[in-house]
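Here is how the chains run, residue by residue.
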Amino acid sequence: MPKNYVKIVITNNIIEIMEYEKLNVNGNPNSKALQVEKGNGEYKEENYANYQKIRRDTIRRLVTQNFDKNTSKFITLTFRDYITDVKIANALYKAFIRRLKNYFSDIKYVTVIEFQKSGRIHYHMISNLPYIKSKELEKIWSNGFIKINAIDKVDNLGAYVIKYMTKEQADPRLQGLKAYNCSKGLDRPTTITTWK
């Protein structure tokens, strides 16, 4: 059967072409997964993996569009305490971002959450952060430890960042919550569709 609907996403020098046989009633091929995530419908558990794919694609494209391996920093934020509650961890993370903006008001970032095997939460962040000593950044974080990873040899930053996302597609701790955080004003990829 021929594909009737085409979506093209242009992210810097990467062009993705998606073809669909039909659209749902809302005119969005991903809308069912979005409804499932919000708790609508009977297939929430089954389709959560589809929604996770949408999130991963969004993050991959944001990173590819806004960051490069030569000037960006990849930072791991680890808690000193054994924190497994996403809402508590997110509140501490958001307080860190507010403190960081006091030092660097024009900071851009994308941050993903990861659960370690023990259930403990930590964050991976790619940022345009200028040079700062690790100890100084750790003081601003103030919740534990940080590590700044070298990424100058990474070919695909978007893929590199999403590999740190929680691997378990249906982890119930993230259902209904954001799997990533990003700064305002990030450039978005160009999207062209054959439908309105």
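For the structure, see preceding data.
Here goes a summary of the coordinates provided. (Residues numbered from 1 in each chain as written. Predicted model: local features only at pLDDT ≥ 70, side-chain atom pairs only at ≥ 80, totals over all residues. Heavy atoms only, no water.)

## Regarding the sheet that holds strand S2 (residues 14-20)
Then, number 1: Spatial strand order, S2-S1-S8: three strands in an open sheet with antiparallel pairing. Strands with a single pairing partner mark the edges of an open sheet, and in this sheet they are S2 and strand S8 (190-193). Here the strands of the sheet are splayed against their neighbours by 15° on average, with no regard to which way each runs.
Then, number 2: Bridge count for strand S1 (residues 5-11) against S2 is seven bridges, and the pairing is antiparallel. For valine 9, the partnering residue across the bridge sits in S2 and is glutamate 16. (Pairing = 2+ DSSP bridges. Helix = DSSP H or I, 4+ residues; strand = E, 2+ residues; numbered from the N terminus. Axes fitted to C-alpha atoms, helices over the stretch in contact; angles between N-to-C directions.)

## Focus on the pattern of salt bridges
Then, number 1: Tallied over the entire structure, the rule returns seven salt bridges.
Then, number 2: As a salt-bridge pair, lysine 135 and glutamate 138 come within 3.9 Å of each other at their nearest N and O atoms. With lysine 135 and glutamate 138 both in helix H4 (residues 134-141) and three residues apart, the pair spans about one turn of that helix.
Then, number 3: Among the salt bridges present, the one from lysine 153 reaches aspartate 152, with a minimum N-O distance of 3.8 Å. (Salt bridge = Lys/Arg side-chain N within 4 Å of Asp/Glu carboxyl O.)

## Re helix H3 (residues 86-103)
Then, number 1: Between its terminal C-alpha atoms H3 stretches 26 Å, which fits the 26 Å expected from 18 residues at 1.5 Å a residue.
Then, number 2: Within H3, the full set of buried residues consists of Val86, Ala89, Asn90, Tyr93, Ala95, Phe96, Ile97 and Leu100.
Then, number 3: Buried positions along H3 lie against strand S3 (73-79), strand S4 (109-115), strand S5 (121-127), H4 and strand S7 (180-182).
Then, number 4: For H3, the N-terminal capping position is held by aspartate 85, with its side-chain oxygen 2.9 Å away from the main-chain nitrogen of lysine 87. (Expected span 1.5 Å × (residues − 1). Buried < 20%, exposed > 50% of the residue type's maximum accessible area, 1.4 Å probe, protein only. Contact = heavy atoms within 4.5 Å. Polar contact = N/O pair within 3.5 Å; in protein donor to acceptor, adjacent residues only side chain to side chain.)

## Considering the packing of aromatic side chains
Then, number 1: Throughout the structure, instances matching the rule amount to eleven aromatic pairs.
Then, number 2: Considering the side-chain rings of tyrosine 5 and tryptophan 195, the 6.1 Å spacing of their centres and the 80° angle between planes classify their relative orientation as edge-to-face. Highlighted residues: tyrosine 5 in strand S1 and tryptophan 195 in the segment after S8, separated in sequence by 190 residues.
Then, number 3: An aromatic cluster is built from Phe79, Tyr93, Phe96, Tyr123 and Trp141, whose rings are joined through pairwise contacts.
Then, number 4: The cationic tip of lysine 108 hangs over the ring face of phenylalanine 67; the distance from NZ or CZ to the ring centre is 5.9 Å. (Phe/Tyr/Trp six-rings, centres within 6.5 Å; stacked < 30°, edge-to-face > 60°. Lys NZ or Arg CZ within 6 Å of the ring centre and 35° of its normal.)

## Section: a positive patch on the surface
Then, number 1: Where like charges cluster on the molecular surface, the positive patch consists of Lys94, Arg98, Lys178 and Arg188.
Then, number 2: With respect to the helices and strands, the residue lysine 178 is situated in the loop between helix H5 (157-162) and S7.
Then, number 3: Given the relative accessible area of 51%, lysine 178 is considered exposed. (Patch = residues over 30% accessible without salt bridge, like charges linked within 9 Å, V, L, I, M, F, W, Y side chains within 5 Å. Areas by Shrake-Rupley, 256 points an atom, 1.4 Å probe, with all protein chains shown as cover. Lys, Arg positive; Asp, Glu negative; His and termini not counted. Charge placed at Lys NZ, Arg CZ, Asp CG, Glu CD.)

## Considering the sheet that holds S7
Then, number 1: Reading across the sheet, the five strands line up as S6-S3-S5-S4-S7 and stay open at both edges, with antiparallel pairing between neighbours. Each edge of the open sheet is held by one strand with a lone partner, namely strand S6 (144-149) and S7. Along the sheet, successive strands turn relative to each other by an average axial angle of 20°, direction set aside.
Then, number 2: Where S3 lies against S6, six bridges are found, and the strand directions are antiparallel. Across the sheet, the residue bridging to phenylalanine 79 is glycine 144, located in S6.

## Topic: the pairing of S1
Then, number 1: Between S1 and S2, which pair antiparallel one after the other, the connecting turn spans two residues, and asparagine 12 there sits at a positive phi close to 50°.
Then, number 2: Relative to S8, S1 is paired through four bridges, and the arrangement is antiparallel. Residue pairing in the sheet places lysine 7 in a bridge with threonine 193 of S8.

Everything listed is a geometric property; what it means functionally is a separate question.
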